[in-house]
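Survey of secondary and tertiary structure
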Amino acid sequence: MTPVTPADAAAHERWPDDLLDVTALRAAGRAHPLPFREFVVKVHSRCNLACTYCYVYEAADQLWRRQPHTMSRHTAERLCHRIAEHAARHRPASIRVILHGGEPLLAGTSLLRGLTRTLRELLPAGTRAEVVIQTNGTLLDDAVLRLCHEEDIRIAVSLDGTPRTHDRARRDAAGRGTHARVAAALRRLAAPEHREVWAGLLCTVDVTADPLLTYEHLLSYDPPAIRLLLPLGNWTTRPPGRTADPTAVPYGHWLATVFDTWYRAPGPPVRIAFFESILDLLLGGVTRTETIGGAPSQLAVVDTDGALTLSDQLKSAYEGADRSGLDIHRHSFDALLGHPGVVARQLAAEGLAAQCRDCPVGAVCGGGHYPHRYRADNGYLNPSVYCPDLMALIRHVAQAVRTDLAAASRAGGARP
Ligand code: SF4
């Protein structure tokens, strides 16, 4: 693929905004809106760290500079009403609300407590809200732990691996590594009295780091779950180490190495949704994560000023890529369901590039994570920029499953 600079891109029509006719699709019965089940709430739009790969502050989009630092109480209350309105209309048994930033703990425990309480008070009977704080872990203190226990909120913490790996990217504004502070927070969360409020670790893969050292370091905190994330990047702005050479699969090798150790571990392994989803999809099940499998997206993001956005991770593409023009003060979440950027992510095969529709592992990969498909000249109707890595990993996992099934079948046949 020939890279096109963002400056050239204005001359091109891009998927989905310029090319997807939502009205025609719906009239033809080819697009059925699915209600949102996951709400990412930006309670604070600044951060106390300056991580090198941050998609909010270090990527193409600098619109955060115009956002209020903290979500106001009025906006938080309005948001709760909008989520409750959406739940009353669509009656989900559960929703997930992720308190996010920036660094959400900068918003203060009072706002987080008020928002959580109001939301649960307003939700219709029969809809349960799981609330999670996604934090960098450096501000975890007694007050935050008390909040989580009292309000039934869980905490997910970002940790990229060993001190050397983590501190390469995750530094504070003065350039100091943050591993020691995060490790102290994790030791508190791992203690028996707090473990129930710990949701797990979020690790952005550093392909230059040793995969086993990284995995073993993460495991040393005994987390309940690990979420592995590939760095944000796309065909125009490539992720680190993901060259144009389709025979090079650095991320595929990295993930396959971790997979082998995880898969062969004695006893119940730590939950890794990325691997579990590939296994489930290979065996005819469904994905548990939006990063693999191509399930329709049911995620909405709300900024500190109440703007309804498509996904904050689209900020990695170009400035304004996540904007919908809608906000919770004037619009419902149902209005966002009609936006081409949401409809495109809820289409099944029709929302995939031809190469993905014809792909031998397409039913498992599903085109990978949506932000990774972007190319400046045509938008998001492309395979993932990680396509060679995903294909290599899925084939590796499939081979492991085939080998085990064959062994189980031989063992079964040998039984008297
Ligand atoms: S492996 Fe590549 S071609 Fe196949 S579905 Fe994934 S991104 Fe598309």
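Parameters at a glance
Residues numbered from 1 in each chain as written. Predicted model: local features only at pLDDT ≥ 70, side-chain atom pairs only at ≥ 80, totals over all residues. Heavy atoms only, no water. Pairing = 2+ DSSP bridges. Helix = DSSP H or I, 4+ residues; strand = E, 2+ residues; numbered from the N terminus. Axes fitted to C-alpha atoms, helices over the stretch in contact; angles between N-to-C directions. Near = heavy atom within 4 Å. Nonpolar A, V, L, I, M, F, W, Y, C, P; charged D, E, K, R; others polar. Buried < 20%, exposed > 50% of the residue type's maximum accessible area, 1.4 Å probe, protein only. Expected span 1.5 Å × (residues − 1). Salt bridge = Lys/Arg side-chain N within 4 Å of Asp/Glu carboxyl O. Phe/Tyr/Trp six-rings, centres within 6.5 Å; stacked < 30°, edge-to-face > 60°. Parallel < 35°, antiparallel > 145°, perpendicular 65-115°, else oblique. Contact = heavy atoms within 4.5 Å.

**What to know about the sheet that holds strand β9 (residues 323-327)**
Within the open sheet, the 9 strands sit side by side as β6-β5-β4-β3-β2-β1-β7-β8-β9. Their pairing is mixed. Only two strands of the sheet have a single partner each, and these edge strands are β6 (226-229) and β9. Across the sheet, the mean angle separating the axes of adjacent strands is 25° when strand polarity is ignored. Note: strand β2 (residues 94-100) against strand β3 (residues 128-135), 6 bridges, orientation parallel. Paired with Ser94 across the bridge in β3 is Arg128.

**Describing the site of the ligand**
For the ligand, the full set of nearby residues is Gln355, Cys356, Cys359, Val361, Gly362, Cys365, Gly367, Pro383, Ser384, Cys387 and Met391. Elements represented by at least two residues in the shell around the ligand include exactly α13 (354-357), α14 (362-365) and α15 (387-414). Of the residues that constitute the shell around the ligand, the class distribution is 7 nonpolar, 4 polar and no charged.

**So, the pairing of β2**
With 5 of its 7 residues buried, β2 lies for the most part within the structure. Strand direction decides the pairing type here: strand β1 (residues 38-42) and β2, joined by 5 bridges, are parallel. Within β2, the residue paired with Phe39 across the bridge is Val97.

**With respect to helix α9 (residues 250-263)**
For α9, spanning 14 residues, the distance from its first C-alpha to its last is 20 Å, which sits close to the expected 20 Å at 1.5 Å a residue. Those residues of α9 that sit buried are Tyr251, Gly252, Trp254, Leu255, Ala256, Val258, Phe259 and Trp262.

**Description of the pattern of salt bridges**
Under the definition given, this model contains 25 salt bridges. Between Arg188 and Asp142 there is a salt bridge, with the nearest N and O atoms lying 2.5 Å from each other. Taken together, the positions of Arg188 in helix α7 (residues 179-190) and Asp142 in helix α5 (residues 142-151) put the pair 46 residues apart, joining distant regions of the chain. A single network of salt bridges, built from pairs that share partners, joins Glu38, Arg96, Glu130 and Arg154.

**Some thoughts on the packing of aromatic side chains**
Between two aromatic rings, the relevant description is the distance of the centres plus the angle of the planes. The tally for this structure, following the rule as stated, stands at 10 aromatic pairs. On the numbers, 6.1 Å between centres and 70° between planes, the contact of Phe36 with Phe333 is edge-to-face. Note that Phe36 is positioned in the loop between α2 (22-27) and β1 and Phe333 in helix α11 (residues 333-336), a separation of 297 residues in sequence. Phe333 matches Phe36 in its accessibility class, with the two residues each being buried. Judged by centre distance (4.9 Å) and plane angle (80°), the ring pair of Tyr251 and Tyr386 falls under edge-to-face. Here Tyr251, found in helix α9, pairs with Tyr386, found in the loop between α14 and α15; they are 135 residues apart in sequence, far enough to count as distant.

**Considering unusual backbone geometry**
The general pattern is negative phi for most residues beyond glycine and trans for most peptide bonds. Note the cis peptide between Trp15 and Pro16, where omega equals 0°. Inspection of the secondary structure puts Pro16 in the loop between α1 (6-9) and α2. A cis amide bond links Gly101 with the next residue in sequence, Gly102, at an omega value of 15°. Residue placement: Gly102 occurs in the loop between β2 and α4 (109-122). Although it is not a glycine, Asp152 sits at a positive phi angle of roughly 55°. Within the secondary structure layout, Asp152 lies in the loop between α5 and β4 (153-158). In the Ramachandran plot, Asp222 falls in the positive-phi region, its phi being about 55° despite a non-glycine side chain. Here Asp222 lies in the loop between α8 (211-219) and β6.

**Some details on the packing of α9 against helix α10 (residues 273-282)**
The N-to-C vectors of α9 and α10 enclose an angle of 80°; their axes lie 11 Å apart at closest approach. Taken together, the axes of α9 and α10 lie roughly perpendicular to each other. Contact residues: α9 offers Leu255, Val258, Phe259, Trp262 and Tyr263, while α10 offers Phe274, Phe275, Glu276 and Leu279. The residue inventory of the contact of α9 with α10, partitioned by class, reads 8 nonpolar, no polar and 1 charged.

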